[in-house]
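# Remarks on the overall topology
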Amino acid sequence: MGKSYFGIFKMEFKGELQYRAKALSGIATQIFWGLLQIYLYTAFMDSGSVDGFTLSQMSTYIWLGQAFFAMRYIVMGKKIGKTIMNGDVCYKFVRPLNVYNQWFCEGLGQKIASTLLRFSPIIIIAVFLPANFNLTAPVSWQAFLLFLVALALGFLMSETISMFAVYLTFKTLSDKGSIGIVASISNLLAGVVIPLPILPQGVQDVLNYLPFRFISDLPFRLYIGNTSITDGLIFLAIGFAWLIGLIIISKLLIGSSLKKAEIQGG
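What counts and what doesn't
- Residues numbered from 1 in each chain as written.
- Predicted model: local features only at pLDDT ≥ 70, side-chain atom pairs only at ≥ 80, totals over all residues.
- Heavy atoms only, no water.
- Helix = DSSP H or I, 4+ residues; strand = E, 2+ residues; numbered from the N terminus.
- Buried < 20%, exposed > 50% of the residue type's maximum accessible area, 1.4 Å probe, protein only.
- Contact = heavy atoms within 4.5 Å.
- Areas by Shrake-Rupley, 256 points an atom, 1.4 Å probe, with all protein chains shown as cover.
- Expected span 1.5 Å × (residues − 1).
- Bend = angle between axes of the 7 residues up to and from the residue.
- Polar contact = N/O pair within 3.5 Å; in protein donor to acceptor, adjacent residues only side chain to side chain.
- 1 Å grid on protein atoms, 1.4 Å probe; cavity = no way out; pocket = protein on both sides within 12 Å on 5 of 7 lines; lining within 4 Å.
- Points joined across faces, edges and corners; volume = space filled by probe spheres on them.
- Nonpolar A, V, L, I, M, F, W, Y, C, P; charged D, E, K, R; others polar.
- Phe/Tyr/Trp six-rings, centres within 6.5 Å; stacked < 30°, edge-to-face > 60°.
- Lys NZ or Arg CZ within 6 Å of the ring centre and 35° of its normal.
- Salt bridge = Lys/Arg side-chain N within 4 Å of Asp/Glu carboxyl O.

## Re the overall build of the protein
The helix and strand tally for the protein stands at 11 helices and 2 strands. Starting at the N terminus and walking to the C terminus, you meet the elements of the protein as α-α-β-β-α-α-α-α-α-α-α-α-α. Here the protein holds 266 residues, and the buried ones make up 48% of them. In the protein, the share of contacts with a sequence separation of at least 24, taken over all contacts with a separation of at least 6, comes to 80%. Per element, the accessible surface of the protein, about 12800 Å² overall, is 69% carbon and sulfur.

This is the structure we're talking about:
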């Protein structure tokens, strides 16, 4: 059974690797937006830092966000929305596989392939930019190791939250509207729109314990040293607890929707 899900993941992974032109345009766009964000927040941080969050850390935080943009972006698998809206979801029942797991593996394969196509050119370019505008090295090897663990958590969390858009698509029969709602909430609360370290401390105290910040904020703050190793370990435990809980909830919701699904013409 595990081989079947890995096969689905592998197929979607290889399929996404074919979109090289799309990746090149994405790289150019993300470099542009990265520079735009850095100039914007440099003007905002006129004192040089906000509660210990320095210009150099801010630039690295933003470049990591651009390099791993495909990972943290909330999006459904390419065919899931159409499958639900036109009734082709019925064909999923033919396979002796869990539909949720199929879709989860599809989305994960697409995200990882898209990230691998984009992240290295962005990192290389960002490293050679002028000081306070460039991507710096991690503060320590321990922080880098935790960064990698948190990054893996972020991949899984991003796809898990994306599955709630799948559930909303069953309810609304609008894939674009569903992904728009979930993506807007997630991007705002995960630090995609505004880096969380420059928000008021009271707001951070709430967002730090919500599942969205584990998509990107936690790994990036570990990398730059804005979160200590000890706190990082605690937050990783919280993040994995959120991940397990959200997977269970989304599985139940989608499973319920599949049972109630009405297929036109049948």
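## Concerning helix α6 (residues 99–127)
For α6, built from 29 residues, the straight-helix expectation of 42 Å at 1.5 Å per residue is met to within 8% by its first-to-last C-alpha distance of 42 Å. Remark: the principal bend of α6, roughly 30°, maps to Arg-118, with a proline, Pro-121, within the next four residues. Between the side-chain oxygen of the N-cap and the backbone nitrogen of Tyr-100 there are 3.0 Å, and the N-cap of α6 in question is Asn-98.

## Quick word on empty space enclosed by the protein
Overall, the coordinates contain 1 cavity of 30 Å³ or more when judged by the stated rule. What the largest cavity holds in volume is close to 50 Å³. The greatest single-element share of the lining of the largest cavity, amounting to 3 residues, is contributed by helix α3 (residues 55–67). Looking at the lining of the largest cavity residue by residue, the classes come out as 4 nonpolar, 3 polar and 1 charged.

## Overview of the packing of aromatic side chains
Following the criterion strictly, the structure yields 11 aromatic pairs and no others. With a centroid separation of 5.6 Å and an interplanar angle of 80°, the aromatic rings of Phe-32 and Trp-33 are classed as edge-to-face. For Trp-33, a relative accessible area of 44% gives the class partly exposed. Ring centres of Tyr-61 and Phe-220 lie 5.7 Å apart, and the angle between their planes is 85°; on these two criteria the pair is classed as edge-to-face. In this pair, Tyr-61 is assigned in helix α3 and Phe-220 in helix α10 (residues 217–224), connecting sequence segments 159 residues apart. The class for Tyr-61 is buried, based on a relative accessible area of 2%. An aromatic cluster is built from Phe-68, Phe-119, Phe-144, Phe-147 and Tyr-223, whose rings are joined through pairwise contacts. Over the ring of Phe-214 we find Arg-213; its NZ or CZ atom is 5.7 Å from the centre of that ring.

## Points about α10
Counting buried positions along α10 yields 8 of 8 residues, so the element is predominantly enclosed. Those residues of α10 that sit buried are Asp-217, Leu-218, Pro-219, Phe-220, Arg-221, Leu-222, Tyr-223 and Ile-224. Where α10 terminates, the next one or two residues include Gly-225, which has phi positive at roughly 85°.

## Observations concerning the pattern of salt bridges
If you walk through the whole model with that rule in mind, you get 2 salt bridges. Residue Arg-213 is joined to Asp-217 by a salt bridge in which the shortest nitrogen-to-oxygen separation is 2.8 Å. The closest approach of N and O atoms between Arg-221 and Asp-217, which form a salt bridge, is 3.2 Å. Here Asp-217 and Arg-221 lie together in helix α10, a separation of 4 residues that amounts to about one turn. Of the two residues examined, Arg-221 and Asp-217, each falls in the buried class.

All quantities given are derived from atomic positions and should not be read as evidence of function.
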